[in-house]
Amino acid sequence: MKFITVCDMNRIVAIHLLNDYSGSPKVLMQLLKIWTGKNIEAHLFTSGGSRGFLSDLPKVTRHLIWYRFSQNPLIKICNFFISQLILAIKLLLFLRRKDIIYINTVLPFGAAIAGKLRGCKIIYHIHETSIKPEIFKNFLFGIARLTASKGVFVSDYLMKKEPLVKNQVLLYNVLERDFAEKADRSYGSGKEPIILMICSLKSYKGVDEFVKLAEINSTYIFKLVLNASQKEIDIYFKGKTLPDHLKIYPTQTDIHSFYREASIIVNLSRPDEWVETFGLTILEGMRYRLPAIVPPVGGITELVNENKNGFLINSADVYELSGKIHYLMCNEDIYKSFSDSAYQKSLLFSEAYFEETCLKMISI
C-alpha cells in the first residue's frame, strides 16, 4: 500500500449544502482548519446568504452554492435538486483528477456524481440516518454507496447501521481546543437549577417535550437555545402559553454562558422520528461538567453511561425525565459524582485524536 505524505497531496474540495450553526458544519470547520494548518490547499463549496461555522475561514477558498430553503415541501425538494444540478456542473468545470472530494453529510449528491465522472477520490462524512421520506434516504445513500471511495462516520452506531464501502473510518466529533480551554477556565460552583437544551427548531428534536417538562417542574429554570431566528420561534409557538420559567433563545454565536450557568444538559429527540448519531451539544455540556439526559438509542449513547454521567430515557416519558432531574438536583453528592464523570468522559474526545485521524484518513 502506498502512503501519501501531506506534501504530496493535491487539493481538498469540501462540500456542505447549508452553512449554519449546527453540528455538521462545525465539524467540517474543524477539519478544514486542521488541513489548512498543514498547508493543504482547501476549497469549500457551500451556501451563501447566511452566516454559519463555514463563514470566513482563513486559508480556505470559498465557492458559493445556489440553494434556497423553503418551508413548502414541493418547493424545498425542487430547490434541492436544482442546487445539485448547478453544483455538479460547477464541479465538472472545476475539479482535477487528483482532487480529494470531501462530502459533508449525504445531501450534496451532485458533488459525488461530478467527482465520479472526473475520476476523483470521494470521501463521504456521514452524520445522519433519520432522513425522510424513505425513498429520498435510499436515493441519497444509494448515490453514496456507488461513488464513495471511503466513508467517515461520527459514531460506531452509525457506521454499523449505514455502511457505505469496505474502507470505513470512525471519527468521533470532538471539542475544539479553544472551546475546551474556555470551558475549563469558566467552570464554577454555585450554579442555579437550570435545565438546558440546545437544538434545531423541529418537533422531532423534542421541543414540545421540553416545554411539557418545564410545565411540570416550576422549581427549575428551563433554557432552550434554538438554531432558528426569533421570527421562526414566534411562528412555532404562536397561540401557545409558555411558563415564565422557560426561557427561549434564537441562534447564538457564543453559547459558553449557557453551559456555564446550567446544571443539567438534555437531548429530547424522539427516537421513532430522529435518531441522534452523536450529540455534540451533549459533549460540550459534559466538558462543563453537566450530567446529561439523552435518548436510549443511537450514537449519543456512546457518550452517556447510564447512572454514571447521566441517564438514557425516552423523551415521551416526561415524568421519568422529571424524576431523574429531581433526583440529581436534590442529591448533592450524587450530582457531584455524575458531574465529575461527565467531565472525565469529555476528556476522551480530544482535538489531538481528531487531528491524527483526520490527517490519516486523507493520506492513505
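Cut-offs used in this document
Residues numbered from 1 in each chain as written. Predicted model: local features only at pLDDT ≥ 70, side-chain atom pairs only at ≥ 80, totals over all residues. Heavy atoms only, no water. Helix = DSSP H or I, 4+ residues; strand = E, 2+ residues; numbered from the N terminus. Rg over C-alpha atoms; globule rule 2.2 N^0.38 Å. Buried < 20%, exposed > 50% of the residue type's maximum accessible area, 1.4 Å probe, protein only. Contact = heavy atoms within 4.5 Å. Areas by Shrake-Rupley, 256 points an atom, 1.4 Å probe, with all protein chains shown as cover. Lys, Arg positive; Asp, Glu negative; His and termini not counted. Charge placed at Lys NZ, Arg CZ, Asp CG, Glu CD. Pairing = 2+ DSSP bridges. Axes fitted to C-alpha atoms, helices over the stretch in contact; angles between N-to-C directions. Right-handed = clockwise from strand over helix to strand, strands pointing away. Domains from an automatic or database assignment. Buried area = accessible area lost by both parts, 1.4 Å probe. Salt bridge = Lys/Arg side-chain N within 4 Å of Asp/Glu carboxyl O. Polar contact = N/O pair within 3.5 Å; in protein donor to acceptor, adjacent residues only side chain to side chain. Nonpolar A, V, L, I, M, F, W, Y, C, P; charged D, E, K, R; others polar. Patch = residues over 30% accessible without salt bridge, like charges linked within 9 Å, V, L, I, M, F, W, Y side chains within 5 Å. Expected span 1.5 Å × (residues − 1).

Here we come to the overall build of the chain. Scanning the chain from terminus to terminus reveals 13 helices and 13 strands. What you see for the chain is a C-alpha radius of gyration of 21 Å, in line with the 21 Å of a compact globule of 364 residues. For the chain, the C-alpha atoms occupy an extent of roughly 60 × 45 × 35 Å along the three principal directions. Taking all 364 residues of the chain together, 54% fall into the buried category. Pairs at least 24 apart in sequence give 67% of the contacts found in the chain among residues at least 6 apart. For the chain, the exposed surface amounts to about 16,400 Å²; the carbon and sulfur share of it is 55%. If you average the places of the 45 positive and of the 36 negative side-chain charges in the chain, the two averages end up 8 Å apart.

Right, let's talk about the sheet that holds strand β10 (residues 246-249) for a bit. The strand order across the open sheet built from six strands is β10-β9-β8-β11-β12-β13, with neighbouring strands paired in parallel fashion. Lying at the two open borders of the sheet, with one neighbouring strand each, are β10 and β13 (310-312). Neighbour-to-neighbour, the strand axes of this sheet turn through a mean angle of 15°, independent of strand direction. Here four bridges tie strand β9 (residues 221-226) to β10, and the two strands are oriented parallel to one another.

Looking now at the side chain of Glu 176. Summarising the element assignment, Glu 176 is placed in the loop between β7 (168-170) and α6 (177-186). Not counting chain neighbours up to four residues away, the residues in contact with Glu 176 comprise Lys 26, Met 29, Gln 30, Lys 33 and Glu 351.

We now examine the pairing of strand β5 (residues 121-126). With five of its six residues buried, β5 lies for the most part within the structure. Where strand β4 (residues 100-104) meets β5, five bridges bridge the pair, whose relative direction is parallel. Residue pairing for β5: Ile 101 is matched across the bridge by Ile 122. Between the parallel pair β4 and β5, the chain is carried across by helix α3 (residues 109-118), and the sense of this crossover is right-handed. Examined bridge by bridge, β5 and strand β6 (residues 150-153) share four bridges and lie parallel to one another. Note on β6: the bridge partner recorded for Tyr 124 is Gly 151. Taken together, β5, helix α4 (residues 134-147) and β6 form a β-α-β motif whose crossover is right-handed.

Before going further, it helps to examine the domain arrangement of the chain. When the domains of the chain are assigned, the result is domain 1 (12-174 + 350-362) and domain 2 (177-348). Across the contact, 21 residues belong to domain 1 and 19 residues belong to domain 2. It is Tyr 21, Ser 130 and Tyr 157 in domain 1 that bury the most area against domain 2; as a group they hold 30% of the surface buried on that side. The interface formed by domain 1 and domain 2 includes two salt bridges. Connecting domain 1 to domain 2 are nine residue pairs in polar contact (both at pLDDT 80 or more). The element that contributes the greatest number of residues to the side of domain 1 that touches domain 2 is helix α5 (residues 156-161), accounting for three residues. The residue makeup of the side of domain 1 that touches domain 2, split by class, is seven nonpolar, eight polar and six charged.

Before going further, it helps to examine a nonpolar patch on the surface. A cluster of nonpolar side chains, contributed by Leu 74, Ile 77, Phe 81 and Phe 139, occupies part of the molecular surface with about 340 Å² of accessible area. With three residues, helix α2 (residues 73-94) is the largest single contributor of residues to the nonpolar patch.

Let us now look at helix α1 (residues 23-37). Here α1 spans 21 Å end to end across 15 residues, near enough to the 21 Å set by a 1.5 Å rise per residue. The element α1 is largely enclosed, with a buried count of twelve among its 15 residues. Among the residues making up α1, those that are buried are Ser 24, Pro 25, Lys 26, Val 27, Leu 28, Met 29, Gln 30, Leu 31, Leu 32, Ile 34, Trp 35 and Thr 36. Immediately downstream of α1, the backbone of Asn 39 shows phi near 65°, a positive value.

So, on to the pattern of salt bridges. The full count for this structure, using the stated rule, is 19 salt bridges. Measuring nitrogen to oxygen at the nearest pair gives 3.5 Å for the salt bridge that ties Lys 182 to Asp 254. Taken as a pair, Lys 182 in helix α6 and Asp 254 in the loop between β10 and α9 (256-261) lie far apart in primary sequence, 72 residues in all. Through salt bridges that share partners, Asp 208, Glu 209, Lys 240, Arg 270 and Glu 273 make up one connected network.

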